[in-house]
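Overview (structure and organization)
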Amino acid sequence: MSPIKALKRDEVNATNQAIFDQLEKAVGFVPNLYATYANSETALENYLNFANAKTSLKAKEKEVVNLAVSEVNSCIYCLSAHTAIGKMNGFTDDQILELRAGKASFDTKFNALAALAKNITETRGKTDATILNNFLDAGYNHGNLIDVIALVGDKTISNYIHNTTQVPVDFPVAQPLETVIS
């Protein structure tokens, strides 16, 4: 089989071309991962609808989950993209490294959220009761829990697409966590 590639605008259907145009306008370019989704006539639109759906999580909380999940799933593309997005949301380099490791010494609520996202991903949803209780004790509710699980699924889809296709990373590349913390 030939490798799957990030498609160009003239290689995709009309629906995906319109999405490419919107991305170009909003972000300034079409990220390679999204251009890879466009190998399907429907996956890019479906994914963006899911990823941009209403949630009880704030933007910073979503980045906490995205970073922890992408680290567990060893997705360099998503780690790189969400490191950049995390910085745009006000996280420092050191905070981003902690979040990738599934913790946040700088914020009790983010610490519980990062630990939960990491645990859900590592255990494939067989969540540790203590970690879940810590999440709820930090001020989150059952609705937040369901939104976190949905976001873990959302991010895992992108992680798996990149880990399978290995399309080039078009964000500043995040360093492996082991080399940064060692």
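See above for the structure.
Structure report, in brief. (Residues numbered from 1 in each chain as written. Predicted model: local features only at pLDDT ≥ 70, side-chain atom pairs only at ≥ 80, totals over all residues. Heavy atoms only, no water.)

1. Here we look at unusual backbone geometry
Its identity is not glycine, yet Ser 74 carries a phi of approximately 50°, on the positive side. Mapped onto the fold, Ser 74 is located in the loop between helix H4 (59-72) and helix H5 (76-88). On the basis of relative accessible area, Ser 74 is assigned to the exposed category, the value being 55%. For Gln 166, which is not glycine, the phi torsion reads 55° and is therefore positive. When you line up the elements, Gln 166 lands in the loop between helix H9 (142-165) and helix H10 (177-181). (Helix = DSSP H or I, 4+ residues; strand = E, 2+ residues; numbered from the N terminus. Buried < 20%, exposed > 50% of the residue type's maximum accessible area, 1.4 Å probe, protein only.)

2. Concerning the packing of helix H8 (residues 129-137) against H9
At their nearest, the axes of H8 and H9 sit 10 Å apart, and the two run at 120° to each other. It follows that H8 is oblique to H9 by the angle criterion. Here the hand of the crossing between H8 and H9 comes out right-handed. Contacts from Leu 132, Phe 135 and Leu 136 of H8 reach H9 at His 142, Asn 144, Leu 145 and Val 148. Split by residue class, the contact of H8 with H9 holds five nonpolar, two polar and no charged. (Axes fitted to C-alpha atoms, helices over the stretch in contact; angles between N-to-C directions. Parallel < 35°, antiparallel > 145°, perpendicular 65-115°, else oblique. Left-handed = near helix turned anticlockwise from the far one by under 90°. Contact = heavy atoms within 4.5 Å. Nonpolar A, V, L, I, M, F, W, Y, C, P; charged D, E, K, R; others polar.)

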